[in-house]
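Here is how the chains run, residue by residue.
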Amino acid sequence: MLVQNFDFDVNLAIARQCAADMVSNGLYSRFGLSEKERLEKAVLGCMGEYAFEHWLKSLGYTYEVDRAGFENRNSDAFDFLIGGCKIDVKVAKKSTDRAPNDNWTYGYPQEQKPASKDYVIVGWVDFSRREVGFYGWITGKEISCFPVVTKNAFAGYTYRTPNHEFRWGALHKNFERFFQGILQSKEA
């Protein structure tokens, strides 16, 4: 699902500034990356979060965003809170002309304790096409049941930290069901 009416260039400029602030204020890097690499990863994450927020606004949902600074902490507990549900947005940098598909894999860092998140939204950022999309969603509990690996099964590269790896085909693609689940959680 491609995010519609998302001003990629405006949000990219905002994401770059936000990422620079995050890194300068102590954003944790579990990879031991250079400052440039940390900035690139932070920009990628910010773009996913801004696109998701844009989508939530377009659908009229009420939400909270964890945008507290990193002066007194080195990571966030969640990205979005809707109806008491913690939502983590994860995006991968898309570097191919091919559309995402069920065979792609995603590695969710074991140390981020996926079961502590109610839902995880997985998508991509394509800097060449200047677009952001969301492929599907999955519960944190479901992610925690996938095996922990150190090598990506699809592309063959080594993960920098152990990850719960799953194919994008394991993602639920019905976002209407996702939002219904959140609304039912809110009513409970």
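Owing to the predicted nature of the structure, the values given are computational and were not obtained by experimental measurement.

Parameters at a glance
- Residues numbered from 1 in each chain as written.
- Predicted model: local features only at pLDDT ≥ 70, side-chain atom pairs only at ≥ 80, totals over all residues.
- Heavy atoms only, no water.
- Phe/Tyr/Trp six-rings, centres within 6.5 Å; stacked < 30°, edge-to-face > 60°.
- Helix = DSSP H or I, 4+ residues; strand = E, 2+ residues; numbered from the N terminus.
- Buried < 20%, exposed > 50% of the residue type's maximum accessible area, 1.4 Å probe, protein only.
- Lys NZ or Arg CZ within 6 Å of the ring centre and 35° of its normal.
- Expected span 1.5 Å × (residues − 1).
- Core = buried A, V, L, I, M, F, W, Y, C linked by side-chain atoms within 4.5 Å.
- Contact = heavy atoms within 4.5 Å.

Q: Lay out the packing of aromatic side chains in plain terms, naming residues and giving numbers.
A: Scanning all chains against the criterion turns up 19 aromatic pairs. Ring centres of Phe175 and Phe178 lie 6.4 Å apart, and the angle between their planes is 85 degrees; this geometry places the pair in the edge-to-face category. With Phe175 and Phe178 both in helix α4 (residues 175-187), this residue pair falls three residues apart, about one helical turn. In terms of burial, Phe175 and Phe178 fall into one category: buried. Among the aromatic side chains, those forming a connected cluster through ring pairs are Phe52, Trp55, Tyr61, Tyr63, Phe80, Tyr119, Phe134, Trp137, Phe175, Phe178 and Phe179. Across from the ring centre of Tyr108, 5.2 Å away, lies the NZ or CZ of Lys90, which sits over that ring.

Q: Now, about helix α2 (residues 35-59): what can you tell me, with residues and values included?
A: Taking 1.5 Å per residue as the helical rise, α2 with its 25 residues ought to reach 36 Å, and the 36 Å between its terminal C-alpha atoms agrees with that figure. Just downstream of α2, Gly60 is the residue with a positive phi angle, here 80 degrees.

Q: Please give an account of the nonpolar core that cites residues and values.
A: Counting 34 residues, the largest nonpolar core has Phe52, Ile87, Ile121, Phe134 and Phe178 as its most contacted members. Ranked by residue count, the leading element in this core is α2, at 10 residues. Once you skip the residues sitting within four places of it in the chain, Phe178 turns out to touch Phe52, Ile87, Tyr119, Ile121 and Trp137.

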